[in-house]
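Results of the structural survey
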Amino acid sequence: MTNKKFTKLLCAAVASASLLFGGCSQIAEEDSQAPVAASEENKPAAVAEKTIIPTAAQNAPAITTNVRNTPVVQVAKNVGPTVVGITNKAVALDFFNNQVETEGVGSGVIFRNDGYIVTNNHVVANSRELIVSLADGNSVPGTLVGADEMTDIAVVKIDMKDLPTAHFGNSDEIMVGEPVVAIGNPMGLEFQGSVTVGVISALNRTLELDDKRFKLIQTDAAISPGNSGGALVNYDGEIIGINSAKLARSGVEGMAFAIPINTVQYVINELMEKGYVARPYLGVTIFDKPTAARYGYQLNISRGVYVFQVSLNSPAGRAGIQRGDIILSLDDKPVNSVNEIRADIAARKVGDTVKIVFDRDGSQQTLSVVLQEMPQPNN
């Protein structure tokens, strides 16, 4: 047997075991120079190829740009840096009426690049010291510009420039079912910048907290303690509400609330201009049947609202309204509840004139009242 034939037989034998050993790695020099056969019948009996076992990462489907570039991702990226944490070192009274220092954490939204931040009044209430924690990790002292208890809105200022700012939308244009994103600090700064997703559940919800009534946006986006003052954002990246309160009842989930941004913008402008919100008032204490019963009175009227007290030098007092009068209508619109009168007056401006029809000792009379600015507690 020649060397050439022996080498071919040896290589064929090794090739037959290629699955175990990876094939023949060396052939005679003269055969290595031979041209590669073009037909299947001229191919070697077995040609071993390197076997690759795919890893878990190779098995995973590729994440495309479209999957990552969703509206929620864009909102988190663009709006997230405008949401801050606010630590309130406040003063409270303990069981024995001693002053004690407390500390709470909420959220806020930068709306001007020179350091103006909107948050909730209850986040900054009774503050002795405010610390603002920015999304980039920096913490700076904050100063309270003004706060409005009736809408639960406050403005805080920090001494910084060129900050990222949020863009306000139009809360009058939002629709039930519209998707929204909530950004804030649930449970404190440990979870700063958390993003949750939901929809607009309802509009113009009336919520009563501490004898105050709020017109709010209802959403099912998860909002927890610490989210207060954070942003409720639409998929265009516009702030449509400031998260304010979560309905806290046993067994109730998916009900959270935000102050409409159109209301917020009006209050912000008032706070920055005056330090408070100027509101018109009548200057009367009024009862309907339910409110009278709440205070232990029995009210025997078939319609209208009973005037229980008139404030000295108030618009109503100057116009001639007296205790015992029964207000029947405002500008010819019948009123039969305290809430109806409050809502009507709140929708007006300082200096407006309102025609009041009332009953006095069985006689129907009419007066015109010029609304004045409600006195501030420190005035």
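Residues numbered from 1 in each chain as written. Predicted model: local features only at pLDDT ≥ 70, side-chain atom pairs only at ≥ 80, totals over all residues. Heavy atoms only, no water.

1. With respect to the overall build of the chain
Basically, it comes down to this: Put simply, DSSP marks the helices as runs of H or I at least four residues long and the strands as runs of E at least two long, and each gets a number from the N terminus on. Working definition: with a 1.4 Å probe on protein chains only, accessible area under 20% of the residue-type maximum means buried, over 50% means exposed, and in between means partly exposed. We call two residues in contact whenever any of their non-hydrogen atoms come within 4.5 Å of each other. For every accessible area listed, the method is Shrake-Rupley and the probe measures 1.4 Å; residues are considered covered only by the protein chains on display.
Along its length, the chain carries 11 helices and 21 strands. Sorting the 379 residues of the chain into buried and exposed places 38% on the buried side. Contacts in the chain between residues far apart in sequence, at least 24 positions, make up 60% of those at least 6 positions apart. When the accessible area of the chain is evaluated, it comes to approximately 22400 Å², of which 51% is carbon and sulfur surface.

2. Some thoughts on the packing of aromatic side chains
In plain terms, the rule: Aromatic rings from Phe, Tyr and Trp, with only the six-membered ring used for Trp, were paired whenever their centres fell within 6.5 Å, and each pair was classed as stacked if the ring planes differed by under 30 degrees, edge-to-face if by over 60, and tilted otherwise. Definition used: whenever NZ (Lys) or CZ (Arg) falls within 6 Å of the ring centre and also within 35 degrees of the ring normal, the charge is taken to sit over that ring.
On inspection of all chains with the given rule, the structure shows six aromatic pairs. Seen from their ring centres, phenylalanine 287 and phenylalanine 308 are 4.9 Å apart, and the 25° between their planes marks the pair as stacked. Of this pair, phenylalanine 287 sits in strand 15 (residues 284–287) while phenylalanine 308 sits in strand 16 (residues 305–310), placing them 21 residues apart in sequence. Judged by its relative accessible area of 17%, phenylalanine 308 falls in the buried class. A centroid spacing of 5.4 Å and a plane angle of 55° characterise the contact between tyrosine 297 and phenylalanine 308, whose relative ring orientation is tilted. With tyrosine 297 in the loop between helix 9 (289–294) and strand 16 and phenylalanine 308 in strand 16, this residue pair connects regions lying 11 residues apart in the sequence. Taken together, the ring pairs in this structure connect Phe287, Tyr295, Tyr297 and Phe308 into an aromatic cluster. Note that lysine 157 overlies the ring of tyrosine 116, its terminal NZ or CZ placed 5.3 Å from the centroid. The ring of phenylalanine 308 carries arginine 323 above its face, with NZ or CZ at 4.6 Å from the centroid.

3. Description of the environment of leucine 371
As for its placement among the helices and strands, leucine 371 is situated in the loop between strand 20 (363–370) and strand 21 (372–373). We classify leucine 371 as buried; its relative accessible area is 2%. Linking leucine 371 and valine 354, residues 17 residues apart in sequence, is a C-alpha distance of 7.5 Å. Ignoring anything within four residues of it in the chain, the contact list for leucine 371 reads Pro280, Tyr281, Leu282, Pro315, Ile345, Arg348, Lys349, Val350, Gly351, Asp352 and Val354.

4. Quick notes on a nonpolar patch on the surface
Applied cut-off: Only residues above 30% relative accessible area that lack a salt bridge enter a patch, with like-charged residues linked at up to 9 Å and the nonpolar side chains Val, Leu, Ile, Met, Phe, Trp and Tyr linked at up to 5 Å. Salt bridge, as applied in this entry: a Lys or Arg side-chain nitrogen positioned within 4 Å of an Asp or Glu carboxyl oxygen.
A grouping of Val195, Val197 and Tyr235 is seen on the molecular surface, where their side chains present a nonpolar patch of about 230 Å² in accessible area. Inspection of the secondary structure assignment puts valine 197 in strand 9 (residues 194–209). Among the residues examined, valine 197 registers a relative accessible area of 45% and is labelled partly exposed.

5. Here's the deal with the nonpolar core
Note the threshold: Side-chain atoms within 4.5 Å link the members of a nonpolar core, which is a set of buried Ala, Val, Leu, Ile, Met, Phe, Trp, Tyr and Cys residues.
Counting 28 residues, the largest nonpolar core has Phe111, Val118, Ile153, Ile239, Ile242, Val264 and Ile268 as its most contacted members. Sort the elements by how many residues they give to this core and helix 8 (residues 261–274) lands first, with five residues. Setting aside residues up to four positions removed in sequence, isoleucine 242 forms contacts with Val109, Val118, Asn120, Ile153, Gly229, Gly230, Ala258, Ile259, Ile261 and Val264. By size, the runner-up hydrophobic cluster in this structure holds 17 residues, among which are Val307, Ile341, Ile356 and Val369.

6. What about unusual backbone geometry?
Its identity is not glycine, yet asparagine 126 carries a phi of approximately 60°, on the positive side. Summarising the element assignment, asparagine 126 is placed in the loop between helix 7 (121–124) and strand 4 (127–133). One non-glycine residue, aspartate 162, lies in positive phi territory at about 55°. Tracing the chain through its elements places aspartate 162 in the loop between strand 6 (153–158) and strand 7 (167–168). Given the relative accessible area of 71%, aspartate 162 is considered exposed.

7. Notes on helix 11 (residues 338–346)
To keep things clear, this is the line we draw: By definition, the arc is the one covered by directions from the helix axis to the C-beta atoms.
Those residues of helix 11 that sit buried are Val338, Ile341, Asp344 and Ile345. Take helix 11 and look down its axis: the buried residues cluster within an arc of 135°, on one side only. Each element contacted by the buried residues of helix 11 is listed here: strand 14 (280–281), strand 15, helix 9, strand 16, strand 17 (326–330) and strand 18 (333–334).

All we've got here are geometric facts, nothing functional implied.
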